[in-house]
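What follows is the residue order along each chain.
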Amino acid sequence: MSVPVIEARGLVKSFAGRRVLDGLDLTARQGESLVIIGGSGTGKSVLLRCILGLDQPDAGAVRLNGAPAGRAARAAFLRDFGMLFQNAALFDSLPVWRNVAFRLLEAMPRAAARARALDKLSRVGLGPEIADRMPAELSGGMRKRVGLARAIAADPRVIFFDEPTTGLDPRRAAGINRLIRSIVTETGATAVTITHDMTSVRAIADRVAMLAEGRIVWQGTVAQMDDAADERLRAFVEGHPLD
Ligand SMILES: Nc1ncnc2c1ncn2[C@@H]1O[C@H](COP(=O)(O)OP(=O)(O)OP(=O)(O)O)[C@@H](O)[C@H]1O
């Protein structure tokens, strides 16, 4: 079997004495689409931040492409990494194409970067007429698509999607889910998505991992998820009300 792209072992992270991650183990393998689910405040973002080196775990270790996540392994990982942020996180002062080409502009001439940006915009269903618009002129769904074009601009091997459908109506959300799935399948990239949206989970996931009480308490395919008896999983998947 190939070396895991991401391996987290025994991650512990507390804030103000409260343990958010409590011995968490998780593996993402080359080319798979892993979706992490879990209630609000269960630590999904903290987990991503620990993987990316933005938060330091109190204990445990992260390995990236088989190597301990020190400075060099993390730099190599980030060179081949793209991310779609919640709310797209576009630069409001830059036109769409420069948002998409942001990292490309360091690596290639402006004309080539613009051409690549237009190509990626077209991949997410946006025409060249959008390229010179400012983000504020776009709808939420279009901004999300621009964010997706930016995430894939440099053809990354690993892509993180942070709540990709939040704030979108169901049809726009379905459009984003379909794009994410087709991009992951086409490029063979490893994808890690965090979401609350069960429609998204079903559209995107090869494997689902549920975070609760600081650990991955269940993982499996979507088909296994539908058959699983785990109470916490059932409650989340079926949306049992919480007071
Ligand atoms: N820098 C920080 N300082 C203090 N507490 C933090 C910090 N970052 C996260 N937390 C706490 O850790 C817990 C988990 O937060 P996190 O953002 O990872 O949750 P989440 O699962 O991503 O939630 P949501 O689904 O609502 O985005 C929360 O209680 C949060 O307040």
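A quick note: this is a predicted structure, and the numbers were derived from the prediction, not measured. (Residues numbered from 1 in each chain as written. Predicted model: local features only at pLDDT ≥ 70, side-chain atom pairs only at ≥ 80, totals over all residues. Heavy atoms only, no water.)

> I'd love a proper account of unusual backbone geometry, names of residues and values included.
Its identity is not glycine, yet D155 carries a phi of approximately 50°, on the positive side. Positioned with a positive phi, E213 is a non-glycine residue whose angle comes to about 50°. Structurally, the position occupied by E213 is in the loop between β9 (207-212) and β10 (215-220). (Helix = DSSP H or I, 4+ residues; strand = E, 2+ residues; numbered from the N terminus.)

> Kindly report on the UniProt feature "domain: ABC transporter" (unreviewed entry) in the chain, identifying the contributing residues and their values.
The UniProt feature table records "domain: ABC transporter" (unreviewed entry) at residues 6-238. Helix makes up 38% of residues 6-238 and strand 26%, whereas the separation of the span's terminal C-alpha atoms amounts to 29 Å. (UniProt positions renumbered as here; feature names shortened; annotations may be inferred.)

> Go over the packing of helix α5 (residues 140-152) against helix α6 (residues 170-187), please, and point to the residues and values.
Two numbers describe how α5 lies on α6: the axes approach to 10 Å, and their chain directions differ by 10°. With respect to their mutual orientation, α5 and α6 come out roughly parallel. On α6, the residues that touch G141, K144, R145, L148 and I152 of α5 are R172, G175, I176, L179, I180 and I183. (Axes fitted to C-alpha atoms, helices over the stretch in contact; angles between N-to-C directions. Parallel < 35°, antiparallel > 145°, perpendicular 65-115°, else oblique. Contact = heavy atoms within 4.5 Å.)

> Which residues make up the site of the ligand, and what are the values?
As a matter of local geometry, the ligand sits amid 13 residues, with R18, G41, K44, S45 and H196 nearest to it. T42 is positioned with one of its backbone polar atoms (N or O) 3.2 Å from an oxygen atom of the ligand. Burial of the ligand by the protein chains amounts to 59% of its free accessible area of 630 Å². Secondary-structure elements contributing two or more residues to the shell around the ligand are β2 (18-28) and α1 (44-52). (Near = heavy atom within 4 Å. Polar contact = N/O pair within 3.5 Å; in protein donor to acceptor, adjacent residues only side chain to side chain. Areas by Shrake-Rupley, 256 points an atom, 1.4 Å probe, with all protein chains shown as cover.)

> Mind laying out the sheet that holds strand β4 (residues 59-64), listing which residues take part and the relevant values?
Overall, antiparallel pairing links the four strands, which are arranged β2-β1-β4-β5 in an open sheet. The sheet is open, and its two edges are formed by β2 and β5 (67-68), each paired on a single side. Two strands pair when backbone bridges link them, and strand β1 (residues 6-15) and β4 are joined in this way by five bridges, in the antiparallel orientation. Its bridge partner being in β4, I6 is matched across the sheet by L64. Strands in contact with α1 are β1, β2 and β4; relative to β2, the strand with the most contacts, it is inclined by about 60°. Lying on the sheet, helix α2 (residues 71-79) is in contact with β1, β4 and β5; it crosses β4 at an angle near 50°. (Pairing = 2+ DSSP bridges.)

> Before we move on, can you summarise the domain arrangement of the chain with the specific residues and values?
How big an interface is tends to be expressed through the accessible area that disappears when the partners come together. The domains assigned to the chain are domain 1 (1-80 + 157-243) and domain 2 (90-155). Here the C-alpha centre of domain 2 lies 26 Å away from the C-alpha centre of domain 1. Listed per partner, the contact involves 19 residues of domain 1 and 11 residues of domain 2. Of the roughly 1100 Å² buried between domain 1 and domain 2 on both sides combined, carbon and sulfur atoms contribute 62%. Looking at the side of domain 1 facing domain 2, the largest losses of area belong to I176, L179 and I183, adding up to 39% of the total buried there. There are one salt bridge connecting domain 1 and domain 2. Here E186 makes a salt bridge to R123, at a shortest N to O gap of 2.8 Å. Summed over the shared surface of domain 1 and domain 2, the result is five residue pairs in polar contact (both at pLDDT 80 or more). Top element by residues in the side of domain 1 that touches domain 2 is α6. It accounts for eight residues. Class assignment for the residues of the side of domain 1 that touches domain 2 results in nine nonpolar, four polar and six charged. (Domains from an automatic or database assignment. Buried area = accessible area lost by both parts, 1.4 Å probe. Salt bridge = Lys/Arg side-chain N within 4 Å of Asp/Glu carboxyl O. Nonpolar A, V, L, I, M, F, W, Y, C, P; charged D, E, K, R; others polar.)

> Run through the side chain of D162, naming residues and quoting values.
Residue position: D162 is located in strand β7 (residues 158-162). One buried charged side chain, D162, makes no salt bridge at all; its nearest oppositely charged neighbour is K44, positioned 7.8 Å away. In contact with D162, not counting residues within four places along its chain, are M83, L84, F85, Q86 and I194. (Buried < 20%, exposed > 50% of the residue type's maximum accessible area, 1.4 Å probe, protein only. Lys, Arg positive; Asp, Glu negative; His and termini not counted.)

> Can you break down the pairing of strand β8 (residues 190-194) residue by residue, with the values?
Among the five residues of β8, five are classified as buried, and the element is accordingly described as predominantly covered. Judged by which residues are buried, β8 turns out to be covered on both faces: T190, V192 and I194 on one side and A191 and T193 on the other are all buried. As judged from the four bridges shared by strand β3 (residues 33-37) and β8, these two strands associate in the parallel manner. Each bridged residue has a counterpart across the sheet, and for I36 the counterpart in β8 is I194. As defined by bridge partners, β7 adjoins β8 across five bridges and the pair is classed as parallel. Looking at the pairing, F161 lines up with T193 of β8. Taken together, β7, α6 and β8 form a β-α-β motif whose crossover is right-handed. (Right-handed = clockwise from strand over helix to strand, strands pointing away.)

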